[in-house]
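Residue strings, one per chain:
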Amino acid sequence: MKDTIKPICIQVEPKDVNFVNRIMEGYEYLGVVSTLDRKAGILIIRATPDTAGDVREILAHLPIEVQYIEA
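Note on numbering: residues in each chain are counted from 1, in written sequence order. Selection of residues for local features in this predicted model requires a pLDDT of at least 70, selection of side-chain atom pairs for listing and counting requires 80 or more, and totals for whole chains, interfaces and linings are taken over all residues. To get the side-chain values, take all heavy atoms of the structure and skip hydrogens and water.

- The name that an unreviewed UniProt entry assigns to the chain is DUF4911 domain-containing protein, with the source organism given as uncultured Sporomusa sp.

### A look at the overall build of the chain
Piece 1. The secondary structure listing takes helices from DSSP runs of H or I that are at least 4 residues long and strands from runs of E that are at least 2 residues long, numbered from the N terminus. When helices and strands are counted, the chain shows 2 helices and 4 strands.
Piece 2. Shown N-terminal to C-terminal, the secondary structure of the chain runs as helices and strands in the order β-α-β-β-α-β.
Piece 3. Atoms considered for the radius of gyration are the C-alpha atoms alone. The globule rule reads 2.2 Å times the number of residues to the power 0.38. Since a compact globule built from 71 residues should have a radius of gyration of about 11 Å, the 11 Å found for the chain is in line with a globular shape.
Piece 4. Along the three orthogonal principal directions, the C-alpha set of the chain runs to about 40 × 25 × 15 Å.

### Describing the sheet that holds strand β4 (residues 67-68)
Piece 1. Any two strands are treated as partners once DSSP identifies two or more bridges connecting them. Strand order in the open sheet made by the 4 strands is β2-β3-β1-β4, with antiparallel pairing throughout. In the strand order of this sheet, the two ends are held by β2 (31-37) and β4, each with one partner.
Piece 2. Where strand β1 (residues 8-11) and strand β3 (residues 42-47) come together, 4 bridges link them in antiparallel fashion. Along β3, the bridge assignment pairs Gln 11 with Ile 42.
Piece 3. Of the strands in this sheet, β1, β2, β3 and β4 are in contact with helix α2 (residues 52-60), which crosses β1 at around 10°. Throughout, a residue-residue contact means that at least one pair of heavy atoms, one from each residue, lies within 4.5 Å. Think of each axis as a best-fit line through the C-alpha atoms, taken over the contacting stretch in the case of a helix, with angles from 0 to 180 degrees between the N-to-C directions.

### Considerations on the pairing of β1
Piece 1. Bridging between β1 and β4 involves 2 bridges; their strand directions are antiparallel. Residue pairing for β4: Gln 11 is matched across the bridge by Gln 67.

### Some words on the environment of Phe 19
Piece 1. On the secondary structure map, Phe 19 appears in helix α1 (residues 17-26).
Piece 2. Partly exposed describes any residue whose relative accessible area lies between the buried limit of under 20% and the exposed limit of over 50%, with all areas from a 1.4 Å probe on protein chains only and scaled to the type maximum. Assessed through its relative accessible area of 30%, Phe 19 is described here as partly exposed.
Piece 3. The spatial distance from the C-alpha of Phe 19 to the C-alpha of Gly 31 is 14 Å, given a sequence separation of 12 residues.

### Looking at the pattern of salt bridges
Piece 1. The salt bridge criterion pairs a side-chain nitrogen of Lys or Arg with a carboxyl oxygen of Asp or Glu, the two atoms within 4 Å. By the definition in use, this model includes 3 salt bridges.
Piece 2. The partner of Glu 70 in a salt bridge is Lys 6, with the nearest N and O atoms 2.9 Å apart. Remark: Lys 6 occurs in the segment before β1 and Glu 70 occurs in the segment after β4; sequence separation between them is 64 residues.
Piece 3. A relative accessible area of 65% means that Glu 70 is categorised as exposed.
Piece 4. For Lys 6, a relative accessible area of 55% gives the class exposed.
Piece 5. When the shortest N-O distance is used, the salt bridge between Asp 16 and Lys 15 registers 3.5 Å.
Piece 6. Using a relative accessible area of 67% as the deciding quantity, one classes Lys 15 as exposed.

Spelled out as structure tokens, the structure:
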């Protein structure tokens, strides 16, 4: 059985949705960002077991507030 990881669900200010997406693009898609609710700023980031730690590290250092949520 392959390793799987639960998608990373976050909430940011709605104005920061595109910013988070662009950051992930800039990191060669370590995680693929999908918007669940643009008005609420809810995003899901799908990462592999090998890249999930890097994605969390990037999110921790963004100059915006990132809140982890359960989807």
